[in-house]
Amino acid sequence: MPYLDSFNRPIEYLRISVTDRCNLRCVYCMPEEGVAPLGHEAVLRYEEIARLARLVVGLGVSKLRLTGGEPLARKGVEQLVAMLAGIPGVRDLAMTTNGTLLAGQADALARAGLRRVNVSLDTLRAERYHAMTRRGQLADVLAGLAAAGHAGLAPVKINMVVVRGLNDDEVVDFARKTVRDGWHVRFIEVMPLGAGQAGAQAGFVPTAETRAQIEAAFGPLTAVDGSGAGPARYYRIAGASGSIGFISPLSEHFCFGCNRLRLTADGQLMPCLMSERAIDLRSLLRRGANDDELQSAVRAAIAAKPAGHHMDAGPRGPGARPMSRIGG
Ligand code: SAM
Ligand code: SF4
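So, a few notes on the structure that sits alongside this text.

Thresholds applied
- Residues numbered from 1 in each chain as written.
- Chains lettered and ligands numbered in written order.
- Predicted model: local features only at pLDDT ≥ 70, side-chain atom pairs only at ≥ 80, totals over all residues.
- Heavy atoms only, no water.
- Buried < 20%, exposed > 50% of the residue type's maximum accessible area, 1.4 Å probe, protein only.
- Helix = DSSP H or I, 4+ residues; strand = E, 2+ residues; numbered from the N terminus.
- Arc of directions from axis to C-beta.
- Contact = heavy atoms within 4.5 Å.
- Near = heavy atom within 4 Å.
- Polar contact = N/O pair within 3.5 Å; in protein donor to acceptor, adjacent residues only side chain to side chain.
- Areas by Shrake-Rupley, 256 points an atom, 1.4 Å probe, with all protein chains shown as cover.
- Salt bridge = Lys/Arg side-chain N within 4 Å of Asp/Glu carboxyl O.
- Core = buried A, V, L, I, M, F, W, Y, C linked by side-chain atoms within 4.5 Å.
- 1 Å grid on protein atoms, 1.4 Å probe; cavity = no way out; pocket = protein on both sides within 12 Å on 5 of 7 lines; lining within 4 Å.
- Points joined across faces, edges and corners; volume = space filled by probe spheres on them.
- Nonpolar A, V, L, I, M, F, W, Y, C, P; charged D, E, K, R; others polar.
- Pairing = 2+ DSSP bridges.
- Axes fitted to C-alpha atoms, helices over the stretch in contact; angles between N-to-C directions.
- Right-handed = clockwise from strand over helix to strand, strands pointing away.

Considerations on helix α6 (residues 171-180)
Within the sequence span of α6, burial applies to Val171, Val172, Phe174, Ala175 and Thr178. Looking straight down α6, one finds that the buried residues subtend no more than 165° of arc, so they occupy a single side. Along its buried surface, α6 packs onto β7 (157-162), β8 (184-189), α8 (207-218) and β11 (244-247). The positive-phi residue at the C-terminal boundary of α6 is Gly182, with phi of around 65°.

Below you can see the structure in the form of structure tokens.
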């Protein structure tokens, strides 16, 4: 049975950031230069992550997701996948990745026990991709998507962060992919986190506007039944085999259904994406805490989950953790 927080929300989902490093520098997430990565010692070892995951699963969490930074940029991540897949009680094991390194790793990840991937892709235009990520090649992501499909990491979901003036003119192109290629695309509102906090605010496009663009091109969307407990609301264009999801952290609060915890690469357990305070599991672990002590600390993080985030209060202070350290 999942553990309940103080607002009676069942906590079923742990997002694990395996590294704060990334091979890209997406404009809304990281600054172009001058990001000091965590030192090697600061980052949890795979054995440490697996131990914490096992204890969190022991409290009723059944769904794990690896994220980053870029999870595929950490060497041997399939070894971690295998450790997590072997924990009794894990029913879903997924990854969020930018997809640029996926082509060479999809098979090994699937063999190790990964079930699904979400691939972040904000544009279908090669030059724009390079500009928005400051380093990436669109062809690598497309190869990664194909490899994920072949490896059975399905259904692959595409995450598109919609930013005014950067890629909002491609919303209809992405929506068309759900009809022509059966893609599952989720349109995400840009959040005031990370590198371009000010820019993100200027580039904010409310879900209602994205949806209106899609409906103007394809007609009314139909809601997909039972679309899960996550933050996305799912729809379909008439006749499409793929689906359209909207994730609206700002325009439509989904905190009342929040079921997750986040573990940062340096072992901090965050009650909420916007938490300025986290529970320092790494120090406990490395001081030799036993399983009971660690599980009490996890319970404390669950108890500290706030009713909701306060993203609408605007950009966070300079001390707040960037998105690339939390993992989205
Ligand atoms: N590197 C991986 C990737 O890009 O998929 C995993 C980590 S990334 C931080 C996870 C997700 O957060 C991505 O889908 C990314 O687009 C999203 N993200 C990053 N910064 C964001 C922001 N300011 N607003 C909304 N989404 C953001
Ligand atoms: Fe890297 Fe993902 Fe952030 Fe882009 S969104 S810079 S790929 S961590």
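Now that the structure has been shown, we can carry on.
Quick word on the site of ligand 1
Near ligand 1 you find 19 residues, and of these Tyr28, Gly69, Glu70, Ser120 and Met191 are the closest. Gly69 is positioned such that a nitrogen or oxygen atom in its backbone is 2.9 Å from a nitrogen atom of ligand 1. Taking Met191, its main chain carries an N or O atom lying 2.8 Å from a nitrogen atom of ligand 1. About the coverage of ligand 1: the protein hides 94% of its 540 Å² of free accessible area. Of all the secondary structure elements, the ones that give two or more residues to the shell around ligand 1 are β5 (92-97) and β7.

With respect to the pattern of salt bridges
What the rule picks out here adds up to 16 salt bridges. Note that Asp173 is salt-bridged to Arg125, the shortest N-O span being 3.8 Å. With a gap of 48 residues between them, Asp173 in helix α6 and Arg125 in the loop between β6 (116-120) and α4 (126-133) connect regions that are remote in the sequence. Judged by its relative accessible area of 27%, Asp173 falls in the partly exposed class. Among the salt bridges present, the one from Asp169 reaches Arg128, with a minimum N-O distance of 2.7 Å. Note that Asp169 is positioned in the loop between β7 and α6 and Arg128 in helix α4, a separation of 41 residues in sequence. With relative accessibility at 42%, the residue Asp169 sits in the partly exposed group. In the salt-bridge network here, residues are joined through shared partners; they are Arg125, Arg128, Asp169, Glu170, Asp173 and Arg176.

Things to note about the environment of Ala148
Among the secondary structure elements, Ala148 is positioned in helix α5 (residues 138-151). The spatial distance from the C-alpha of Ala148 to the C-alpha of Asn118 is 9.9 Å, given a sequence separation of 30 residues. Apart from the residues within four sequence positions on either side, Ala148 is in contact with Leu102, Ala106, Val117, Leu153 and Val156.

Considering the nonpolar core
Residues Leu84 and Phe187 are the most contacted members of the largest nonpolar core, which totals 86 residues. In terms of residues, this core owes the most to one element, helix α1 (residues 46-57), which gives 8 residues. For Phe187, the contacting residues outside a window of four places in its chain are Met160, Val162, Val171, Phe174, Ala175, Thr210, Ile214, Ile244, Gly245, Phe246 and Ile247.

Side note on the layout of surface pockets
When its volume is computed, the second largest pocket comes out at roughly 320 Å³. Considering the residues around the second largest pocket, the lining is formed by 17 residues, among which Arg21, His40, Val43, Leu44 and Arg74 are closest to the centre. Along the lines of polarity and charge, the residues of the lining of the second largest pocket split into 6 nonpolar, 3 polar and 8 charged.

Quick word on the sheet that holds β5
Ordered by their spatial adjacency, 12 strands build an open sheet running β9-β10-β11-β8-β7-β6-β5-β4-β3-β12-β13-β14, and the pairing between neighbours is mixed. Taken across any chain shown, the strands that pair with only one partner, and hence form the sheet edges, are β9 (222-223) and β14 (279-280). Bridging between β7 and β8 involves 6 bridges; their strand directions are parallel. Paired with Val161 across the two strands is Ile188, which belongs to β8. Most of the contacts of helix α2 (residues 77-85) go to strand β4 (residues 63-67), to which it runs at about 170°, and overall it touches β3 (13-17), β4 and β5.

Comments concerning the pairing of β11
The two faces of β11 match: Ile244 and Phe246 on one face and Gly245 and Ile247 on the other face are all buried. Judged from the 3 bridges that link them, strand β10 (residues 233-236) and β11 form a sheet pairing that is antiparallel. Each bridged residue has a counterpart across the sheet, and for Arg233 the counterpart in β11 is Phe246.

Considerations on the pairing of β6
Most of β6 sits out of view: 4 of its 5 residues are buried. Pairing geometry for β5 and β6, over 4 bridges, is parallel. Looking at the pairing, Met95 lines up with Val117 of β6. Traced from β5 through helix α3 (residues 106-112) to β6, the parallel crossover comes out right-handed. Relative to β7, β6 runs parallel, the two being bridged by 3 bridges. Bridging from a neighbouring strand, Asn118 pairs with Lys157 of β7.

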